[in-house]
Every structure is written in structure tokens, then in C-alpha cells.
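Analysis of the macromolecular model
Letter by letter, the chains look like this.
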Amino acid sequence: MREEMSQREAAELHRSRQKPRSPAGWGLLLALWYLAFYKPVITEAHLRRKNMEFIFIRFSAWQYAGCDKLWAGLVTTLCDSVRRHFGALPLSVYHVMGARPRFASGFSQKEWVLKRGTCLKLWGLLFVLAAGLSILLVALLVPGIKDHHVLKVVGSAVTSLSGSSLVLGVSSVLKNLLVSEKQKIERLTNSERFASQLGFMSKVRHEVEVLVDFLAFMEIFERRRLRVVLEITSLDICYPEKVAGVLNAMNTLLSDSNAPFIFILAVDPSVIVPCLEQTGCMKGLADNGYLYLNRTVTLPFSIPEMGARSRLRCLEAAVRTREDLMYRVIASNLERRHRAKTRPAPAPPACREADAEAARCIHEAFRCLHDGDDPLARYLPASGAHLRRIVNTIPITLRLLLHRPGAPGTPSPRAAAAWVLLADQWPCRLSWALQCLEDAWQNRPPPGYATRSLWSIYQEHVGELSALRQPLGNVLGLDGDPELFQTFLANDFPFAARDAHAFLGVTVNLDHSIRHKMGLLRGLDRLR
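The paragraphs below set out a description of the structure included in this document. All values reported here derive from a predicted model rather than from experimental measurement. Counting restarts for each chain, with residues numbered from 1 along the sequence as it is written. Where totals are concerned, whole chains, interfaces and linings use all residues; where local detail is concerned, this predicted model gives features only for residues with pLDDT of at least 70, and gives and counts side-chain atom pairs only at 80 or more. Excluding hydrogens and water, the side-chain figures rest on all heavy atoms present in the structure.

Digging into the overall build of the protein
Defined as follows: Segments assigned H or I by DSSP are reported as helices when at least four residues long, segments assigned E as strands when at least two residues long, and all are numbered from the N terminus. Throughout, exposure labels follow a simple rule: accessible area from a 1.4 Å probe, protein chains only, divided by the maximum for the residue type, with under 20% read as buried, over 50% as exposed, and the rest as partly exposed. Contacts are residue-level and defined by heavy atoms, with any inter-residue pair within 4.5 Å sufficient.
Secondary structure assignment for the protein yields 23 helices and six strands. Looking at the protein as a whole, 40% of its 528 residues are labelled buried. For the protein, contacts bridging at least 24 residues in sequence account for 79% of all contacts bridging at least 6.

Next comes the structure, spelled out in C-alpha cells:
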């Protein structure tokens, strides 16, 4: 994401010749000036901007597991991180004087409009304050007028009223500067009347809306898009009620279509799904936890089984935690540095050619999906959420296929799109066929097994799946029409065992915990 951010920044600078701004140094004074006296306008030029800045926030659910409301910890972490990123002063001034961005009328390219009402009020207060001070000074210093108490009273009153208005505005800024959004929400949650506060959620929602509007303001000021990326970890070691609360908070924050939030949910589905199904507050909504996750997650990415190089990297990382072995790591780093000095650096790979080939394959895959005469289009789901998952997953699958080292042959974009659709529409039946295929590979199958169709392998072991339909009931509920599954695999897309083996390592939209559960149930059934 950081590489994508830097590439977009360079491309946008080349296109528009406008450097992005930052609320630091002199930029802070400029940001405060715009906050006080200008209203932001969303123009066509701003909507065409492609450069983007990601604000990364890590939220470890285990750190807040002791709270009564875990989701409140998520919201306070979000508010506190945004406040620290931009500084307390700009956010405090926005609370008092900031204006919500509005869309431009017509084709106007003006991104800032003067707040005439604010300027008139300020100049009026300053004029009245100057007039009151003048009257008071005249009444106190000019001989012959000192004895007129009326002028002193009028001057004092005018000066006090105008000065108090200015002091009230400054004190509001100071109050928001000293009391952060995090402290406000924590004060509400610590209240004794927390359980009976009907307006509590509306107050939290108001704080989040102000934060979203402030981010929209800073987008126009910085001349770039802003996205807050929240990485949620350790959720699978919390109590079920806490898990449901965090997922509800995620859905609440994402309920606005223009919300600048991206959630990266790093969890083990085999742990999260039972938590959702057990919690009392989700009864009726998450009786099937897999369905609930499918409606929540728009880009699933199930990490495949670890390869040999990844295992070595994990081993090296584990060694780094051992103090008695650290000297070996230091020695290896010195050796690598010495080799880098004595040997020229290797030439960089042809990234542009690889990206061009990936773009060509992605366009070809989507062309097949849009072609009404292609059988693939008939299997597209009617659900918008499933369509988004497929559209998000196809580019990732194709890029993984193209960048896979040592691949003997890359499947066609149409076949990759069909495989992604197969994994999305029939995850249970596909997982069963893959598990049977994996067991057969482990038992040294006879020659020619690699050319067998995946449908014939599924048919051979469908009786075992029928016997396990009770423990796999929720997973079977994820699948679409069984007759369409047969038509898909038997007629339109007859994938062979070797095709499944080639796709398995890059199938990121298939929950691998389902296949592992099937392997365990299959092994237990054979023991009986």
C-alpha cells in the first residue's frame, strides 16, 4: 500500500503539477487560516485526483478485552490516532469553526469559498471592541469628560460584551484542545448511567461524523485522497460478545458510502464463526456465522499454506527472539553487508512488462464476464456483495498466477475468472473436492490421475459428504444451486485435477479452514 501511495503521488504530480500540502510548519498556519475563514468545495478536479495517503492504525482487540464495550475501544483508537496524525490544534479549530465540504455547483474549479458571515461577524466584533475601548479611554483620560459616568458605563459594557464573545470562541477551541474525542467517549462509557443513556450512541456517532468531515476537509487542503486503514488483530482470542461488538462497530463506521475507512480484519474464521453463532446479541442475524462474514467482508483473502521459503523466514524471525542466538543473526548480517559491497547489485526485474501483462489478463477476464454469449456470464450471482467479492478477487488471483515462481504454464484469464466464481458460489463442494484431491495426492495416486476431471473426483466421494452433512450444515448453506454446480464442472468448465492443483496456491477467496475441518471429519469418520 505504501508503494501504491508513492506511485500515485508521482503520477499525480506529473499530471497536475500541483504539490500536495501538509499541515506542518508554515502549512499549519495556512490550514488554520482556511479552517477559520474558508469553506471547502469538492470540485471535479478534486474528484479526478488519484493520489492517496493511507493513515495506518493498528487495533489489537486483546488490549481492550477487559472493557465493557470493546467497540468503544475501537472508536477511541480511531479518534486518537487521527488526532495524533494531524495534530490537536487543527481538529480543535475544526470543531468550533470548521465547515463541512459541499459539492461545487456547475463546473466551478474554486476549491475554497470565503465565509462571509464569519468575516462580517469578526470584523463587527473587532469594530465594536475598538469603539468600546475608545469610549472607555476617552472617558478615563480626556479632561473634562472624566466626571461623566455614563460614558464609562457604556464603554465598559460594550468592551465586555464584544470581548467576551471573542474569549468564548477561544475558550471553545481550548476546551477541544484539552479534552480529546477519546476522553469524551471514555467519559461517557465510565458514566454510571451508561446502560440507560439513550443518547449515547448518537453522541458517539456525532464524534465520528465530525471526524469524517474533518478528513474530507483535509483531503481538499492536502490535495490528495485520505484513507484510514484500521488493522484489527487478536479478535479471535476475545469473548464472543466482544467479537460481535467490534463487527457491529465496523459495520456502523462503514454504513456511510463515503466513509474514508478501510478495515483489515486479520482473524481465523474457524474461531470467529462459532463466536458469532454463540453470542446472544446476534441471534437471528448470525445463526450461520459464515453467511454473516460473507456479508461483512468485501475482499476475502485466505492465506494459503506456508511454502518452504516462508517457513525459513518464520524460522529466522523465531531465532531473532532468542537472545542466545542473536550473535548468529548479527554475524549473518555482517556477512551479507560484506557480500553486497564486493558484488554488484542485481539488475531490477522488468516490473513494467509484468504490470502490463497483468493488466491485459485482468481486462480479458472482465471481458469474459461481460460477454453475454460466454457461459461464464450465466453463473454470475444476483447478490451485489458476492459480485463485489468476485470483482475484487479476480485481479489478485491473476497477479498471483503471473508472479508465481517456476510455474510451468499459466492458466488463461477466463479459466482464472471461472475458478474465482466457482470458489465464491460453491465453497463447500469445491473444498470437499479439493480435500479429496489432496488426500489422493498424499496416497500416491495411479498414473493419469492428474488428468481426471474435478467433477469425477467429487462424484466419487459425494457419498462421504452426504454422511457428514449434519456437522457441515452451516458450510453447505453457503453453496448455490447444486444443479448449476454440476453443469459448471461437468460441461462448461471441466477443470482437471492438475488445474485444481495449479489454482490451489492462489485461491484467496476460499476459506481454507473449511477444507481443514473437512479433512478432520473425514479422518474421524474413517476411524469409525
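Side note on the nonpolar core
Let me state the cut-off plainly: Here, nonpolar core means buried Ala, Val, Leu, Ile, Met, Phe, Trp, Tyr and Cys residues that are tied together by side-chain atoms lying within 4.5 Å of each other.
Judged by nonpolar contacts, the single largest core of 110 residues is most densely connected at Phe-488 and Phe-495. Ranked by the residues each element gives to this core, the list is headed by helix H9 (residues 200–222), at eleven residues.

Overview of the sheet that holds strand S4 (residues 112–114)
Where strands meet in a sheet, backbone hydrogen bonds hold them as pairs that are either parallel or antiparallel. We apply this condition: Whether two strands pair depends on DSSP finding at least two bridges between them. A fitted line through C-alpha atoms represents every axis, and for helices the fit uses only the stretch in contact; the resulting angles, taken between N-to-C directions, go from 0 to 180 degrees.
One open sheet accounts for three strands, arranged S3-S1-S4; its pairing is mixed. Every other strand in the sheet has two partners, leaving strand S3 (102–103) and S4 as the edge strands with one partner each. The pairing of strand S1 (residues 38–42) with S3 spans two bridges and is parallel. In the strand pairing of S3, Val-41 is matched with Arg-102. This element, helix H2 (residues 26–37), spans S1 and S4 of the sheet and lies at about 90 degrees to S1.

What about a nonpolar patch on the surface?
Under the convention used in this document: Candidates for patches are residues over 30% relative accessible area with no salt bridge; among them, like charges are joined within 9 Å and nonpolar side chains (Val, Leu, Ile, Met, Phe, Trp, Tyr) within 5 Å. Accessibility throughout is a Shrake-Rupley quantity obtained with a 1.4 Å probe, and a residue counts as covered only by protein chains that appear here. When a carboxyl oxygen of Asp or Glu lies within 4 Å of a side-chain nitrogen of Lys or Arg, that pair is called a salt bridge.
Taken together, the side chains of Met-1, Phe-56, Ile-262 and Ile-264 define a hydrophobic patch exposed on the protein surface, amounting to about 310 Å² of accessible area. Structurally, the position occupied by Ile-264 is in strand S6 (residues 261–265).

Focus on the pattern of salt bridges
Evaluation of the coordinates by the stated rule reveals 21 salt bridges. In the salt-bridge network here, residues are joined through shared partners; they are Glu-9, Glu-53, Glu-222 and Arg-224.

Considering the packing of aromatic side chains
The following threshold applies: Geometry of aromatic contacts follows a simple scheme: Phe, Tyr and Trp rings, the Trp one being its six-membered ring, pair when their centres are within 6.5 Å, and the pair is stacked under 30 degrees between planes, edge-to-face over 60, tilted otherwise. A ring has a charge above it when a Lys NZ or an Arg CZ is no more than 6 Å from the ring centre and no more than 35 degrees off the ring normal.
Following the criterion strictly, the structure yields 20 aromatic pairs and no others. Relative to Phe-37, the ring of Trp-33 lies with its centre 4.7 Å away and its plane at 55 degrees, an arrangement referred to as tilted. Of the two residues, Trp-33 and Phe-37 are both situated in helix H2; the distance of four residues between them amounts to about one turn of the helix. By relative accessible area, Trp-33 is classed as partly exposed at 47%. One aromatic cluster is present, formed by Tyr-34, Tyr-38, Phe-86, Tyr-94, Trp-112, Phe-214, Phe-217 and Phe-221 through successive ring pairs. The lysine or arginine in question, Arg-21, covers the ring of Phe-221, its NZ or CZ lying 4.8 Å from the ring centre.

Considerations on the sheet that holds strand S5 (residues 225–233)
With parallel pairing, three strands are arranged side by side in an open sheet as S2-S5-S6. Two strands in the sheet have a free side with no partner beyond their single neighbour: strand S2 (52–60) and S6. Within this sheet the neighbouring strands show an average axis-to-axis angle of 20 degrees, counted without direction. Sheet topology places S5 next to S6; five bridges connect them, and they run parallel.

Focus on empty space enclosed by the protein
To keep it simple, the criterion reads: Note on definitions: the grid is 1 Å and covers protein atoms alone; a cavity is a set of points where a 1.4 Å probe fits but cannot get out; a pocket is an open set with protein on both sides within 12 Å along at least five of seven lines; lining residues have an atom within 4 Å of a point. Grid points are joined across faces, edges and corners, and a volume is the space filled by probe spheres set on the points. For this classification, the nonpolar set comprises Ala, Val, Leu, Ile, Met, Phe, Trp, Tyr, Cys and Pro, the charged set comprises Asp, Glu, Lys and Arg, and every other residue, Gly included, is treated as polar.
The final tally for this structure, using the stated rule, is one cavity of 30 Å³ or more. In terms of lining residues, the largest cavity is bounded by Glu-12, Ser-16, Gln-18, Lys-19, Pro-20, Arg-49, Asn-51 and Arg-223. Per-class residue counts for the lining of the largest cavity are one nonpolar, three polar and four charged.

Notes on a positive patch on the surface
Here is the rule: Here Asp and Glu are counted as negative and Lys and Arg as positive; His is not counted, and neither are the chain ends. A charge is said to be at NZ when it belongs to Lys, at CZ for Arg, at CG for Asp and at CD for Glu.
A cluster of basic residues, Lys-39, Arg-102, Lys-110 and Arg-116, forms a positive patch at the surface. Examined against the element boundaries, Lys-39 turns out to sit in strand S1. Judged by its relative accessible area of 32%, Lys-39 is partly exposed.

Some points on the packing of helix H18 (residues 427–442) against helix H22 (residues 497–504)
Threshold: Each angle gets one of four labels, with under 35 degrees taken as roughly parallel, over 145 as roughly antiparallel, 65 to 115 as roughly perpendicular, and the rest as oblique.
For the pair H18 and H22, interaxial distance at closest approach is 11 Å and the crossing angle is 100 degrees. Regarding the angle of H18 to H22, the classification is roughly perpendicular. Two secondary-structure elements touch here, H18 through Leu-434, Leu-437 and Trp-441 and H22 through Ala-497, Ala-500, His-501 and Leu-504.

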